[in-house]
Amino acid sequence: MNRTASQALFERAQHFIPGGVNSPVRAFRAVGGSPVFIKSAKGAYVYDEDGNEYIELINSWGPMILGHGHELIHEAVAEAAQHSFSFGAPTRREVEVAELIVSMVPSVEKVRMVNSGTEATMSAIRVARGFTGRDKIIKFEGCYHGHGDSFLIAAGSGAATFGQPDSPGVTRGVANDTLTAPYNDLEAVRQLVDANKNHIAALILEPVVGNMGCVLPEPGFLQGLRKLCDEEGIVLIFDEVMTGFRLARGGAQERFGITPDMTTMGKIIGGGMPVGAYGGKAEIMNWVSPAGPVYQAGTLSGNPIAMAAGQAMLQYLNAHPEVYSQLETAGSKLAAGFNKSLQKLGLDYTVNQIGSMYTLFFTNQTVKDFPSAKTSDLVLFGKYFHAMLNRGIYLGPSQFESMFLSTALTDKHLDLIIAANEDALSEVLS
Ligand code: PLP
């Protein structure tokens with residue numbers, strides 16, 4: 001496959017953009033080689049600057065659940081653009097979008113729109129801290145909640161260890177207020193809570209993790225966290241930036257029947273435009289300025305073009321429950337196809353899948369937390385990634401990512417992906 005135009009652009013980009021990209025994972029550092037520069041996309045396909053075509057399994061890291069260039073979203077954006085691009089004043093559409101979100105997401109009684117998932121999580125913990133009058137938060141090792149300082153914290157050597165900054169520039173003071181526990185380890189969370197009685201404002205997690213690869217909550221884990229938070233007056237925050245509107249109309253909380261106190265959203269909510277949101281119980285959200293004392297604002301928040309795209313997306317999902325049954329079928333078909341190939345090739349790698357999210361881990365261990373995800377053979381994954389790319393399948397360029405399916409994938413696409421996967425595995429293992 002000729003990718004000389006992409007390579008030339010990457011060369012050029014590195015002179016003017018740190019690392020040549022505007023978000024680190026795009027640089028392909030985890031898999032080696034030079035990133036593909038995308039020129040356009042339609043339906044299940046993306047096209048690069050050299051004219052190569054790929055079946056898409058990233059879908060902009062989640063937002064494009066209906067595939068690329070969906071007609072209704074396109075029309076909504078084109079119509080909104082006729083009325084100018086930003087007002088910095090309230091609009092009818094923001095009210096309609098808020099009503100729609102409240103009707104779709106079980107935990108959300110009031111919602112505030114922001115411009116990214118990062119803004120949503122940063123704001124949510126500020127509100128939780130204001131509401132509880134407490135400083136500390138608990139997050140899980142391997143969960144990603146955007147690049148807010150409080151979330152860029154690596155786990156210490158034990159669950160009770162204070163966090164260490166994961167990135168220069170995050171102060172020790174901030175890190176000290178973030179406690180980390182292993183995912184799916186309820187007992188470790190209990191110990192952290194006991195050791196920090198009445199100091200924990202919020203517990204934030206991805207109810208299904210996408211950011212250490214796809215990792216599912218074990219039975220009882222989410223229920224246990226809900227119970228613990230209720231007993232201890234801790235605000236339970238589900239970060240549904242990835243899972244929201246994807247694992248069900250009302251996200252993972254609908255799917256698992258656990259209602260958090262607050263929810264953070266992003267990705268699908270903007271239909272591909274930069275949108276995030278946080279919401280929750282009215283008694284908590286009433287702490288947000290100007291209703292309450294916790295300050296949070298944004299010049300472009302509720303941007304009319306972004307709201308038009310988000311509204312068209314959410315209205316469609318709300319009115320078409322068959323989207324979710326289609327994605328369930330597609331996800332199960334892929335996982336079954338992959339498992340069949342693994343068996344045929346005599347490999348005992350792990351496929352984690354739920355609905356339209358999946359990861360093929362290059363490890364024979366059950367992947368239930370970050371340490372088990374890290375037993376994967378990353379060198380082999382890098383080779384597999386490129387073998388798939390060369391077969392016209394565009395995956396997330398890291399072992400620690402979930403793939404995201406869209407409704408644009410037909411049975412024919414899924415068969416092609418399954419065949420390419422078997423072929424790529426045979427190539428990298430030979
Ligand atoms: N939370 C989760 C679960 C995410 O997956 C991400 C991004 O991937 C974020 C928050 C941050 O969102 P954004 O990249 O829009 O800032």
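Per chain, residues are indexed from 1 in the order of the written sequence. Selection of residues for local features in this predicted model requires a pLDDT of at least 70, selection of side-chain atom pairs for listing and counting requires 80 or more, and totals for whole chains, interfaces and linings are taken over all residues.

The protein has the name Glutamate-1-semialdehyde 2,1-aminomutase in an unreviewed UniProt entry, where Dyadobacter sandarakinus is given as its organism. UniProt positions are given in the numbering used here, feature names are shortened, and annotations may be inferred rather than shown by experiment. Under the UniProt heading Subcellular location (unreviewed entry), the entry covering the protein gives this text: "Cytoplasm". Turning to the protein, the UniProt annotation filed under Sequence similarities (unreviewed entry) states: "Belongs to the class-III pyridoxal-phosphate-dependent aminotransferase family. HemL subfamily."

A. Inspection of the site of the ligand at higher detail. Here is the check we use: build the C-beta atom from the backbone, and if it is within 6 Å of the molecule or strand, call the residue near. In the vicinity of the ligand lie 16 residues, with Ser116, Gly117, Thr118, Gly146 and Val241 positioned nearest. Basically, the charged four are Asp, Glu, Lys and Arg, the nonpolar ten are Ala, Val, Leu, Ile, Met, Phe, Trp, Tyr, Cys and Pro, and anything else, Gly included, counts as polar. Counted by class, the shell around the ligand contains 4 nonpolar, 10 polar and 2 charged residues.

B. Layout of the nonpolar core. The biggest cluster of nonpolar side chains holds 121 residues, and the ones touching the most others in it are Ala128, Ala202, Leu203, Val235, Ile237 and Ala277. Labels follow the DSSP assignment, with helices taken as runs of H or I lasting at least four residues and strands as runs of E lasting at least two, numbered in each case from the N terminus. Per element, the largest residue contribution to this core is 9 residues, and it comes from helix H10 (residues 304-319). Lining this core are residues from two domains, each supplying at least three of them: domain 1 (4-69 + 321-429) and domain 2 (71-319). By the criterion used throughout, residues are in contact when their C-beta atoms, derived from the backbone, lie within 7 Å. Setting aside residues no more than four positions away along its own chain, alanine 202 makes contact with Ile125, Ala128, Ile137, Ile234, Val235 and Ile237. We define the nonpolar core as any set of buried residues of the types Ala, Val, Leu, Ile, Met, Phe, Trp, Tyr and Cys, connected via C-beta atoms lying within 7 Å of each other. The exposure label follows from counting other C-beta atoms within 10 Å of a residue's C-beta, where the C-beta atoms are placed from the backbone and the thresholds are 20 or more for buried and 12 or fewer for exposed, leaving partly exposed in between. An automatic or database domain assignment is the source of the domain bounds shown.

C. Spatial organisation of the pairing of strand S3 (residues 53-56). By the convention used here, strands pair only if DSSP detects at least 2 bridges between them. For strand S2 (residues 45-48) and S3, the ladder comprises 3 bridges, and the chain directions are antiparallel. Of the residues in S3, the one forming a bridge with tyrosine 47 is glutamate 53. Here 2 bridges tie S3 to strand S15 (residues 393-394), and the two strands are oriented parallel to one another. Within S15, the residue paired with isoleucine 55 across the bridge is isoleucine 393.

D. Main features of the domain arrangement of the protein. Per the domain assignment, the segments making up the protein are domain 1 (4-69 + 321-429) and domain 2 (71-319). Centre-to-centre, using C-alpha coordinates, domain 1 lies 25 Å away from domain 2. Between domain 1 and domain 2, the residue contacts involve 29 residues of the former and 28 residues of the latter. Counting residues per element, the ones that place at least two in the side of domain 1 that touches domain 2 are helix H11 (322-345), strand S13 (350-354), strand S14 (357-361) and helix H12 (370-373). At 4 residues, S14 tops the list of elements feeding residues into the side of domain 1 that touches domain 2. Here the residues of the side of domain 1 that touches domain 2 are counted per class, giving 16 nonpolar, 10 polar and 3 charged.

E. Spotlight on the sheet that holds strand S16 (residues 403-404). One open sheet holds the 3 strands; their spatial order is S13-S14-S16, and the pairing between them is antiparallel. This sheet does not close on itself; its edge strands, each paired only once, are S13 and S16. Looking at chain direction, S13 and S14 are connected through 5 bridges and run antiparallel. If you follow isoleucine 354 over to S14, its bridge partner there is methionine 357. Lines fitted to C-alpha atoms define the axes here, with helix axes fitted over just the stretch in contact, and angles between the N-to-C directions of these axes take values from 0 to 180 degrees. Contacting S13 and S14, H11 crosses the sheet at an angle of about 170 degrees to S13.

F. Summary view of the sheet that holds strand S1 (residues 38-42). Ordered in space as S1-S2-S3-S15, the 4 strands form an open sheet in which the pairing is mixed. The open sheet has two edge strands, S1 and S15, and neither has a second partner.

G. Local environment of helix H7 (residues 221-232). Take the residue count of a helix, subtract one, and multiply by 1.5 Å to get its expected span. Counted at 1.5 Å a residue, the expected span for H7 with its 12 residues is 16 Å, and the 16 Å between its end C-alpha atoms agrees. All of the buried residues along H7 are Phe221, Leu222, Leu225 and Cys229. The buried residues of H7 occupy one face: seen down the axis, they fall within an arc of 95 degrees. The outward face of H7, more than 90 degrees from its buried face, is lined by the exposed residues Asp230 and Glu231. Where the residues of H7 are buried, they touch helix H6 (186-195), strand S9 (200-205), strand S10 (235-239) and helix H8 (251-256). Of all possible arcs, the one meant is that of the directions from the helix axis to the C-beta atoms.

H. Summary view of the packing of helix H3 (residues 92-104) against H10. Orientation of H3 relative to H10, taken along the N-to-C sense of each, is 35 degrees, at an axis distance of 10 Å. Seen along the crossing, H3 lies across H10 with a hand that is left-handed. Of H10, the residues touching H3 (which contributes Arg93, Glu94, Glu96, Val97, Leu100 and Met104) are Pro304, Met307, Ala308, Gly310, Gln311, Leu314, Gln315 and Asn318. Its residues assigned to classes, the contact of H3 with H10 shows 7 nonpolar, 4 polar and 3 charged. By definition, any crossing whose near helix is turned counterclockwise from its far helix by less than a right angle is left-handed, and any crossing with a clockwise turn is right-handed.

I. Spotlight on the packing of helix H2 (residues 71-81) against H10. Relative to each other, H2 and H10 sit at 150 degrees, their axes nearing to 8 Å. What the angle tells us is that H2 and H10 run roughly antiparallel. Like other packed secondary-structure pairs, H2 and H10 cross with a definite hand, here right-handed. Of the residues in H10, those in contact with Leu72, Ile73, Ala76, Val77, Glu79, Ala80 and Ala81 of H2 are Pro304, Ile305, Ala308, Ala309, Gln311, Ala312, Met313 and Tyr316. When its residues are assigned to classes, the contact of H2 with H10 shows 13 nonpolar, 1 polar and 1 charged. Here roughly perpendicular refers to angles of 65 to 115 degrees, roughly parallel to angles under 35, roughly antiparallel to angles over 145, and oblique to all remaining angles.

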